[in-house]
Amino acid sequence: MTLDRFAPAIFVFLWSTGWIIAKYAALHSEPFSFLMIRYALSAVAFCAICLAIRAKWPSGALAWRAVHSGVFLHGFYLGGVWWAVAHGVPAGISGIIAAMQPLLTALAASVLIGERLRPSQTAGLALGFIGIAVAISPKLVQPGASDLLHAGIPLAVNLVAMFAVTYGTIYQKKHLQDGDLTAIATLQYLGALALTAPFALAFETFRFDGTLQTYAALAWSVFGISVGGIALLLYLIRRGQVSRAASLIYLCPPTVAVQALIAFGEPLTPPLIVGTVIVAAGVYLTNRKAPRAAKA
């Protein structure tokens, strides 16, 4: 299928823009407040799509599972990462933690849902992690990295966020293989909103300055990432191995670097270029189809 061929590349582009949006949004809004608005608008957008295509809404246990998965896939994950970065975790360190997700997902998938990885896939996942470490290694020697000892709680929150999205991905693969994806996505964002709103109410002042940049960031985060990116992620999870879909996350930090060059003039470093090549090789090994057995 044409979508099967191009969906991974489109997903990587859309998902990677989240880092750029986060950089803009942090200047104009508090993390939970921004995410609360984003989740609410995303739920409305998906609901409108459901009504337009007359999607069949899940009921009973399936509806609860959709809400439950959204709490982890969006609520704990994005909330934890955005809060951690806003409270002192350097972006480079957060990127390394994010790069752990494919390995955690592959490991959990083999234990929880019986996915068996070929040796080439295992090698590809490990190679992707090495590539990410090489690509962002210059960030580790920046002054911000020395502040980690003073950011224990934010760092722990960032780690918990990675485990949350890993659990959410596995749960999605195990329990949400049936049902309309747009209806499921609507309920997932409602679950994320139910988790995020109390944090915004309890800990933030709803700072949202309403500038053009803020609304542009919000519009892209809703329609580009939350609608487009998440729809593709759910599609990829349903169509193939969850570990193969998760391995695409490895390509996001190098892609972000290219986008940052265009948006902010940040230079491409030799480690980033070398790391990108290693990452690409790792993703290729992880997503390569198994060779067909020779007929007797």
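Residues numbered from 1 in each chain as written. Predicted model: local features only at pLDDT ≥ 70, side-chain atom pairs only at ≥ 80, totals over all residues. Heavy atoms only, no water.

J.: Any details on helix H6 (residues 119-135)? Residues and values, ideally.
T.: Here H6 is 17 residues long and its end C-alpha atoms lie 24 Å apart, about the 24 Å a rise of 1.5 Å per residue gives. Residues Ser 120, Gln 121, Gly 124, Leu 125, Gly 128, Gly 131, Ile 132 and Ala 135 constitute the buried set of H6. Along the axis of H6, the buried residues cluster in a sector spanning 140°; they form a single face. (Helix = DSSP H or I, 4+ residues; strand = E, 2+ residues; numbered from the N terminus. Expected span 1.5 Å × (residues − 1). Buried < 20%, exposed > 50% of the residue type's maximum accessible area, 1.4 Å probe, protein only. Arc of directions from axis to C-beta.)

J.: Explain unusual backbone geometry to me, using residue names and the numbers behind them.
T.: One non-glycine residue, Arg 54, lies in positive phi territory at about 55°. Of note, Arg 54 is situated in the loop between helix H2 (31-53) and helix H3 (61-86). Among the residues examined, Arg 54 registers a relative accessible area of 77% and is labelled exposed. The backbone phi angle of Phe 206 is positive, close to 60°, even though this residue is not glycine. By the element assignment, Phe 206 lies in the loop between helix H9 (181-203) and helix H10 (212-239).

J.: Just give me the short version of the packing of H3 against H9, but keep the residues and values in it.
T.: In the contact formed by H3 and H9, the axes pass within 6 Å of each other and the chain directions differ by 55°. Classified by the angle their axes make, H3 and H9 are oblique. You can see that H3 and H9 cross each other, and the crossing is right-handed. Contact residues: Ala 63, Ala 66, Val 67, Ser 69, Gly 70, Val 71, Leu 73, His 74, Gly 75 and Phe 76 in H3; Ile 184, Leu 187, Gln 188, Tyr 189, Gly 191, Ala 192, Leu 195 and Thr 196 in H9. Its residues placed into classes, the contact of H3 with H9 shows eleven nonpolar, seven polar and no charged. (Axes fitted to C-alpha atoms, helices over the stretch in contact; angles between N-to-C directions. Parallel < 35°, antiparallel > 145°, perpendicular 65-115°, else oblique. Left-handed = near helix turned anticlockwise from the far one by under 90°. Contact = heavy atoms within 4.5 Å. Nonpolar A, V, L, I, M, F, W, Y, C, P; charged D, E, K, R; others polar.)

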